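This is what each chain is made of:
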Amino acid sequence: MSIVPAEAVSGSVRTAAETVNGPVDGAPAPLAPRARLLPSLAAVYRAQLSRARVARIPLLFVATFQSVGIMILMRGVVDGGDEARAVVAGSSVLVVAFVALNLLAQYFGQLRASGGLDHYATLPVPPAAVVLGAAGAYASFTVPGAAVTAVAGSVLFQLPLTHLWVLVAVIPLSGAALAGLGAALGLLAPRQELATLLGQLGMSAALLLGVLPADRLPAPIGYARDLLPSTYGVEALARSFDARPDWPVVAFDLAVCAAVGVCSLAVATWAYRRAAVR
């Protein structure tokens, strides 16, 4: 017959209790590590993409048909040259503005009004992952529409298709800049209706200031055009239709578009933090 010390028995009981119920004697349980940015971003992106796929695809067709219709109307006014390049480039980026700016502003405005931000606030993911994931998902829907519009416009105005690969850079950079702006408008608007109005006004600005040739605009409106995030994507795409594009200038326009995109997404992340704690 063996004798087991009482301390050993009590230690075994304490270890078993900690395994099942966590630390005893009022000691706080250790928290799980916070999710990292990239895995969280990928998870939010996939969730947003699957959620918006059914609802947004019909609207993408509307955006594409709208841009193609504008080019057909402008075909009766513009024959070719720099004006035709501006019309095709502006109409292509307009698809991005319709989805990434207008619809994203409405989405975040609705999310804030319905209390949906409380759900995201409880998730152990960084705020930047929520904003970037939603912005990336909405911007992804613009790729086929913008490409179809650019090809259709090039054929309609007899522009070369050689350098349309520039869309590979124009679409994501313009999409990031416009999606960040749309998210910020939706999160900062005090009411859902105001977020919808701001999204519509932003898309109208992208239409008027992007499709119309810059030399046809009055000087004050030309300054406003320089402040629009999508302008530099439009300029880069329009320059690519030249027989010999000025690639350093195209690269500069894309760099400015990227910088504006980083700033707009940073503002949207700040707006998300501000709205989530209220």
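Keep in mind the model is a prediction, meaning the values are calculated, not measured.

Caption draft 1: Geometry of the overall build of the chain. Each helix and strand counted, the chain has eleven helices and zero strands in total. Helices and strands appear in the chain in the N-to-C order α-α-α-α-α-α-α-α-α-α-α. Counting over 278 residues, the chain shows a buried share of 45%. Carbon and sulfur atoms form 68% of the exposed surface of the chain, whose accessible area is close to 14,200 Å².

Caption draft 2: Fine view of the packing of helix H3 (residues 81–113) against helix H5 (residues 127–140). Where H3 contacts H5, the axes come no closer than 9 Å and their chain directions differ by 135°. The pairing of H3 with H5 is recorded here as oblique in orientation. As for the relative orientation of H3 and H5, their crossing is right-handed in sense. Taking contact as the criterion, the partners of Val99, Leu103, Leu104, Tyr107 and Phe108 in H3 are, on H5, Ala134, Ala135 and Tyr138. In terms of residue class, the contact of H3 with H5 is made up of eight nonpolar, no polar and no charged.

Caption draft 3: Spatial organisation of the packing of aromatic side chains. Counted by the stated rule, this structure contains three aromatic pairs. Summarising the aromatic geometry, the rings of Phe61 and Phe65 are spaced 6.2 Å apart at their centres and angled 35° between planes, so their arrangement reads as tilted. Here Phe61 pairs with Phe65, and both are found in helix H2 (residues 37–75), just four residues apart, close to one helical turn. The class for Phe65 is exposed, based on a relative accessible area of 58%. Pairing Tyr107 with Phe108 gives two aromatic rings, centres 5.4 Å apart and planes at 65°, and the pair type is edge-to-face. Per residue, the accessibility class of Tyr107 equals that of Phe108, and both read buried.

Caption draft 4: The nonpolar core, seen in detail. Counting 66 residues, the largest nonpolar core has Leu104, Phe108, Phe157 and Tyr272 as the members making the most contacts within it. Of all the elements, H3 adds the most residues to this core, at 18 residues. Ignoring any residue separated from it by four or fewer positions in sequence, one finds Leu104 in contact with Val99, Ala134, Ala135, Tyr138, Ala179, Gly182 and Ala183.

Caption draft 5: Spotlight on the pattern of salt bridges. Evaluated as defined, the whole model comprises six salt bridges. A salt bridge links Arg239 to Asp253, with the shortest nitrogen-to-oxygen separation between them at 3.0 Å. Here Arg239, found in helix H10 (residues 231–239), pairs with Asp253, found in helix H11 (residues 247–276); they are 14 residues apart in sequence, far enough to count as distant. Owing to a relative accessible area of 6%, Asp253 belongs among the buried residues under this scheme.

Caption draft 6: Fine view of unusual backbone geometry. Within the chain, Gln158 stands out as a residue other than glycine whose phi angle is a positive 55°. By the secondary structure assignment, Gln158 is in the loop between helix H6 (142–156) and helix H7 (167–188). With a relative accessible area of 69%, Gln158 lands in the exposed category.

Caption draft 7: The side chain of Arg85, seen in detail. Among the secondary structure elements, Arg85 is positioned in helix H3. For Arg85, the side chain forms a polar contact with the side chain of Asp242, separated by 3.1 Å. For Arg85, the residues in contact, after removing those within four places along its chain, are Leu159, Ala238, Phe241 and Asp242.

Caption draft 8: Structural context of the confidence of the model for the chain. Residues of the chain with pLDDT of at least 70 account for 84%, and the chain-wide mean is 80. In the predicted structure, residues 1–20 sits below a pLDDT of 50 and forms seven contacts with residues beyond four places in sequence or in another chain.

Caption draft 9: Seen up close, a nonpolar patch on the surface. Taken together, Val151, Val155 and Leu161 make up a surface patch of nonpolar side chains, about 250 Å² in accessible area. By the secondary structure assignment, Val151 is in helix H6.

Caption draft 10: Region of interest: the packing of H7 against H11. It is at 8 Å that the axes of H7 and H11 come closest, and there the two elements cross at 25°. Classified by the angle between their axes, H7 and H11 sit roughly parallel to one another. Our pair here, H7 against H11, has a crossing hand that is left-handed. Among the residues making up the contact of H7 with H11, the classes are represented as 21 nonpolar, four polar and one charged.

Caption draft 11: Representation of the environment of Leu164. Looking at the element boundaries, Leu164 is found in the loop between H6 and H7. Once the C-alpha coordinates of Leu164 and Ala150 are considered, the two residues, 14 residues apart in sequence, prove to be 7.8 Å apart. Discounting residues that sit within four places of it in the chain, Leu164 has contacts with Ala150, Val151, Ser154, Leu237 and Phe241.

What counts as what
Residues numbered from 1 in each chain as written. Predicted model: local features only at pLDDT ≥ 70, side-chain atom pairs only at ≥ 80, totals over all residues. Heavy atoms only, no water. Helix = DSSP H or I, 4+ residues; strand = E, 2+ residues; numbered from the N terminus. Buried < 20%, exposed > 50% of the residue type's maximum accessible area, 1.4 Å probe, protein only. Areas by Shrake-Rupley, 256 points an atom, 1.4 Å probe, with all protein chains shown as cover. Axes fitted to C-alpha atoms, helices over the stretch in contact; angles between N-to-C directions. Parallel < 35°, antiparallel > 145°, perpendicular 65-115°, else oblique. Left-handed = near helix turned anticlockwise from the far one by under 90°. Contact = heavy atoms within 4.5 Å. Nonpolar A, V, L, I, M, F, W, Y, C, P; charged D, E, K, R; others polar. Phe/Tyr/Trp six-rings, centres within 6.5 Å; stacked < 30°, edge-to-face > 60°. Core = buried A, V, L, I, M, F, W, Y, C linked by side-chain atoms within 4.5 Å. Salt bridge = Lys/Arg side-chain N within 4 Å of Asp/Glu carboxyl O. Polar contact = N/O pair within 3.5 Å; in protein donor to acceptor, adjacent residues only side chain to side chain. pLDDT = per-residue confidence, 0-100. Patch = residues over 30% accessible without salt bridge, like charges linked within 9 Å, V, L, I, M, F, W, Y side chains within 5 Å.

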